[in-house]
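Below, each chain spelled out in residue letters.
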Amino acid sequence: MSEVRESSFRRTVGAWRIGRRAAVLYLFLALVPAARLERSLPIARLLAAPPPEHVAVPVDGVRADSLRDSWGFARSGGRRHEGIDIFAPRGTRVLAPVGGIVWRVGADPLGGRVVWLLGPGGQMHYFAHLDHPANPRGGDAVAAGDTLGYVGTTGNARGGPPHLHYGIYAGAAGAIDPYPLLVRRSSGR
Ligand SMILES: [Zn+2]
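The sections below set out a description of the structure shown in this document.

Conventions used here
- Residues numbered from 1 in each chain as written.
- Predicted model: local features only at pLDDT ≥ 70, side-chain atom pairs only at ≥ 80, totals over all residues.
- Helix = DSSP H or I, 4+ residues; strand = E, 2+ residues; numbered from the N terminus.
- Buried ≥ 20, exposed ≤ 12 C-beta atoms within 10 Å, placed from the backbone.
- Contact = placed C-beta atoms within 7 Å.
- Core = buried A, V, L, I, M, F, W, Y, C linked by C-beta atoms within 7 Å.
- Pairing = 2+ DSSP bridges.

1. What to know about the overall build of the protein chain
For step 1, the next point in the chain: For the protein chain, the count of helices and strands is 2 helices and 9 strands.
For step 2, the next point in the chain: Along the chain direction, N to C, the helices and strands of the protein chain fall in the order α-β-β-β-β-β-β-β-β-β-α.
For step 3, the next point in the chain: Residues counted as buried form 27% of the 189 residues belonging to the protein chain.
For step 4, the next point in the chain: For the protein chain, the share of sequence-separated contacts (at least 6 apart) that also reach a separation of at least 24 residues comes to 66%.

2. Some words on unusual backbone geometry
For step 1, the next point in the chain: Notably, H129 is not glycine yet its phi reads approximately 65°, a positive angle.
For step 2, the next point in the chain: Tracing the sequence through the fold places H129 in strand β5 (residues 124-133).

3. A word on the nonpolar core
For step 1, the next point in the chain: Formed by 30 residues in total, the largest nonpolar core has its most connected members in V94, V115 and F127.
For step 2, the next point in the chain: Elements with a minimum of two residues in this core: β1 (84-87), β2 (93-95), β3 (100-108), β4 (112-118), β5, β7 (147-151), β8 (163-169) and α2 (179-183).
For step 3, the next point in the chain: Of all the elements, β4 adds the most residues to this core, at 5 residues.
For step 4, the next point in the chain: V94 has contacts with P58, V59, F127, L130, T147, L148, G149, Y150, V151 and L164, leaving out every residue within four places of it along the chain.

4. A closer look at the environment of V57
For step 1, the next point in the chain: Tracing the backbone shows V57 in the loop between α1 (2-48) and β1.
For step 2, the next point in the chain: For the pair V57 and I86, spaced 29 residues apart in sequence, the C-alpha separation works out to 8.8 Å.

5. Overview of the pairing of β7
For step 1, the next point in the chain: In terms of residue burial, β7 counts as a mostly covered element, since 4 of its 5 residues are buried.
For step 2, the next point in the chain: Sheet analysis places β2 next to β7, joined by 3 bridges and oriented antiparallel. Counterpart to V94 in the pairing with β7 is G149.
For step 3, the next point in the chain: With 3 bridges connecting them, β5 and β7 associate as antiparallel partners.

6. A short note on the environment of F127
For step 1, the next point in the chain: When you line up the elements, F127 lands in strand β5.
For step 2, the next point in the chain: Classification of F127 by C-beta neighbours within 10 Å gives buried; the count is 28.
For step 3, the next point in the chain: Taking the C-alpha atoms as reference points, F127 and V114, separated by 13 residues in sequence, lie 5.5 Å from one another.
For step 4, the next point in the chain: With sequence-adjacent residues up to four places away left out, F127 is seen in contact with P58, V94, V114, V115, L148, G149, L164 and Y166.

7. Some words on the pairing of β3
For step 1, the next point in the chain: Relative to strand β6 (residues 141-142), β3 runs antiparallel, the two sharing 2 bridges. Bridge pairing in β6 places G100 opposite V142.
For step 2, the next point in the chain: Note that β3 and β4 share 7 bridges and pair antiparallel. Note on β4: the bridge partner recorded for I101 is L118.

8. Observations concerning the environment of F73
For step 1, the next point in the chain: Mapped onto the fold, F73 is located in the loop between α1 and β1.
For step 2, the next point in the chain: Judged by the 13 C-beta atoms lying within 10 Å of it, F73 is partly exposed.
For step 3, the next point in the chain: Taking the C-alpha atoms as reference, F73 lies 9.7 Å from I84; in sequence the two are 11 residues apart.

Here is the structure:
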């Protein structure tokens, strides 16, 4: 009888120890993903949001009705122009056309200094040939109109007139023409 009671006691203590360990583990799991979730929630919200029917001109002071659609124009190496070139003096502010999360701030051979912005509907907005990027870093949330960088001639725009190359990539659909989205409604800037 006492053996039974002892083993039952041991089982209880053992279960309590396992339970406590499980509780600590559970608490740990509950806290760590919470921090991750906090970061991934705005992303999930952006992915779930409908893609915009209109985007603001992403260069300060440039009016939508002054834009020229350069989508599909032939480029070196048999490439097609996957975006729109928006000409402005060097150093003109490049503005977020939609609210979103800065995905990447970096450099590549063609685009030069670039910023990628994750926007509504999971679309990636691409800003290239920047003279230099602005303050926001990868992971930062930005509102429409926030400064992402400054117009320049980096990458393969070197030697030409300063301009922003602006591209929109819509997931599996690939690059889409930003022009109709820019002119759909006069943005007034
Ligand atoms: Zn371009």
